[in-house]
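# Tertiary structure, described
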Amino acid sequence: MSPTDQVGRFAKTIRRFSWTPPWLRWNPEADHDLSWGMSILFGLSGSFSVGNLYYSHPILNILADEFGVSDQQSSLVPTITQTGYAAGLLLIVPVGDIVRRRPMVLSLIFVTAMIWLGCTLTKSFSAFLGLSFLVGLFTVTPQLMLPLAVQYAPQRHRATMISIVLSGLVFGVLVARLLSGIVTQYTSWRNVYWISFGLQVLAWSSLFFSMPDYPILSPGTSYPRTLQKIVTLPFLKPELAQHSFIAFLTQGMFTSFWTTLTFQLADVFHLSTLAIGLFALIGLSPVLLNPVISRLLISRVHPHGSLIIALLTALAAICIGTFVGTFSIAGPVIWAFLGDLGMNTIMVANRVAIAHVDPKAHNAVNSVYMVHTFCGQLFGTAVGNALYASGGWTHAGAFNIAQMIAGLLILALRGPHEQGWVGWRGGWDLSGPKPEKNIQSPAPETDAEAADEGTSTEKPTDVLDEERGAKEEGKSS
């Protein structure tokens, strides 16, 4: 077989693999607003995927016994997995701007599930480590779904729908740790991995029959140019830089609290491992409440106003948790509930604020934001643990108080309507949601592969909505 025939056969295989059911192919004349069912499916699929990063956390000692390695060596598993995830944020997520996202999402979930199956079956610790890195690298599908929620959610429901998808991610983090600890305690750690494999297959099947074949955001843009945009965006977009730094500090607070909490509950309040694991259930309540908060607050108030309220709520929770938590378990309970509620509200308000930073590069914008978030998690874990080891609960709590105060200062440096880097030009009005910008997209370009499937590279829904509104206003006048 000639090289040309081999290439042709490979291309044909790819087209078959990326086949789209007729009812999901892109129709530029149809209504493409994100539905409630689709936003819930994105949230659940993201929950099933992001759990891959956290199943190993409560069972590192079990993994050490299983593979015959030291506890220090087993602690490399989450580190390697998170390293792969960081690489995926930088190298894979930006690809979502230049390819069709449906086949990309389905391919990533499929590949991740197959690699996860290897983790489930292997008896070699070196192979387990290598496969864990690959799992982290390809477990970035939630970060492709979030920009879709931002782009296609109707304006009146955008905050709530973003909140649903984000709540799914936080839900996955908390439930993964809880499920892993309980299942492993009564059966085998491999059963946890089998459950996760089944959930990933379920997510792939559900998305295959439900996820539309969304058009390419930036057809004709090269991969190197997309990577370059990740570097330049924070220096060109003050709004993105401001909210990314707030996310850095918020995630630093979140991970610092949940990491040091384990030591406080065990050493001071003498709780069992199971009881400490069940403590995560407190963090689930804010996840369930956040869509309601988004509907009542974020969708009606400018993101700046929502952030002020959320940061002050988190700050109050941390102050109570820090000082009451030295003698009563009520302190950590209040911090876990109100602190997580504030954190989730901050993350949703940030997403709403940066929704229109660059409508042709939603995934590049998301990469910048998520890299700051990830670095904040590493920063909070490292500094929080060091302060707890040297000065105990109050020192770690003081660090978190300082992070929330710093977040308020960063928010105060740049007003809600300021277009530059510093100042409050445009006024102080926080009474309404952030107004939509009049974004004009370039004329759509033809994508040959999409055309074969009956899809298109048409304009995003939010841009089409604005253009339709402008036409209606012109007619009325």
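Residues numbered from 1 in each chain as written. Predicted model: local features only at pLDDT ≥ 70, side-chain atom pairs only at ≥ 80, totals over all residues. Heavy atoms only, no water.

This part is about the overall build of the protein chain. From N to C terminus, the protein chain includes 20 helices and 0 strands. Counting only contacts in the protein chain whose residues sit at least 6 apart along the sequence, the fraction spanning at least 24 positions is 83%. Carbon and sulfur atoms provide 66% of the accessible area of the protein chain, an area that totals close to 20,000 Å². (Helix = DSSP H or I, 4+ residues; strand = E, 2+ residues; numbered from the N terminus. Contact = heavy atoms within 4.5 Å. Areas by Shrake-Rupley, 256 points an atom, 1.4 Å probe, with all protein chains shown as cover.)

A separate point is the packing of helix α6 (residues 101-121) against helix α8 (residues 142-152). Orientation of α6 relative to α8, taken along the N-to-C sense of each, is 150°, at an axis distance of 11 Å. Of the possible angle classes, the one that applies to α6 and α8 is roughly antiparallel. Both α6 and α8 take part in a crossing whose hand is left-handed. On the side of α6, the interface is formed by Arg101, Met104, Val105, Leu108 and Ile109, while α8 contributes Leu144, Met145, Leu148, Gln151 and Tyr152. Grouping the constituent residues of the contact of α6 with α8 by class yields 8 nonpolar, 1 polar and 1 charged. (Axes fitted to C-alpha atoms, helices over the stretch in contact; angles between N-to-C directions. Parallel < 35°, antiparallel > 145°, perpendicular 65-115°, else oblique. Left-handed = near helix turned anticlockwise from the far one by under 90°. Nonpolar A, V, L, I, M, F, W, Y, C, P; charged D, E, K, R; others polar.)

It is worth spelling out the packing of helix α12 (residues 238-267) against helix α17 (residues 362-391) at this point. Contact geometry of α12 with α17 gives a least axis separation of 6 Å together with a crossing angle of 35°. In this structure, α12 crosses over α17, and the sense of that crossing is right-handed.

Between side chains of opposite charge, a pair can form when the charged atoms approach closely. Following the criterion strictly, the structure yields 4 salt bridges and no others. A salt bridge links arginine 190 to glutamate 66; its shortest N-O distance comes to 3.1 Å. One end of the pair, arginine 190, is in helix α10 (residues 189-208); the other, glutamate 66, is in helix α3 (residues 60-67), with 124 residues separating them in the sequence. Linking aspartate 213 and arginine 100 is a salt bridge whose minimum nitrogen-to-oxygen distance equals 2.6 Å. In this pair, aspartate 213 is assigned in the loop between α10 and α11 (223-236) and arginine 100 in the loop between α5 (76-91) and α6, connecting sequence segments 113 residues apart. You'll find aspartate 213 and arginine 100 in the same group, each marked buried. (Salt bridge = Lys/Arg side-chain N within 4 Å of Asp/Glu carboxyl O. Buried < 20%, exposed > 50% of the residue type's maximum accessible area, 1.4 Å probe, protein only.)

The next thing to look at is the packing of aromatic side chains. Tallying each qualifying case throughout the model produces 24 aromatic pairs. Arginine 102 extends its terminal NZ or CZ atom over the ring of phenylalanine 208, reaching a point 5.0 Å from the ring centre. (Phe/Tyr/Trp six-rings, centres within 6.5 Å; stacked < 30°, edge-to-face > 60°. Lys NZ or Arg CZ within 6 Å of the ring centre and 35° of its normal.)

Another point: the side chain of serine 49. Mapped onto the elements of the fold, serine 49 is located in helix α2 (residues 36-50). In this structure serine 49 touches Thr139, Thr141 and Pro142, once residues within four positions along its chain are discounted.

What follows covers the confidence of the model for the protein chain. When pLDDT is averaged along the protein chain, the result is 83; 86% of the residues meet or exceed 70. Helix α19 (residues 448-452) is the least confidently modelled element of the protein chain, averaging 40 in pLDDT, while helix α18 (residues 393-413) averages 94, the highest of any element. (pLDDT = per-residue confidence, 0-100.)

The next subject is the environment of arginine 25. Looking at the element boundaries, arginine 25 is found in the loop between α1 (3-17) and α2. Measuring from C-alpha to C-alpha, the distance between arginine 25 and tyrosine 214 comes to 8.1 Å, with 189 residues separating the pair along the chain.

A few words now on α3. An α-helical segment advances 3.6 residues per turn. Residues three or four places apart therefore align on the same side. Listed in full, the buried residues belonging to α3 are Leu60, Leu63, Ala64 and Phe67. Projected onto a plane normal to the axis of α3, the buried residues spread over an arc of 105° and lie on a single side. Each element contacted by the buried residues of α3 is listed here: α4 (71-74), α5, α7 (125-138) and α10. Where α3 ends, the next residue or the one after it, glycine 68, has phi of about 70°, a positive value. (Arc of directions from axis to C-beta.)

On to the nonpolar core, then. With 108 residues, the main nonpolar core has Leu34, Phe42, Tyr193, Leu207 and Tyr214 as its most contacted residues. Leave out the neighbours within four places in its chain, and leucine 34 touches Ser39, Phe42, Ala149, Tyr152, Ala153, Pro154, Met161 and Tyr214. (Core = buried A, V, L, I, M, F, W, Y, C linked by side-chain atoms within 4.5 Å.)

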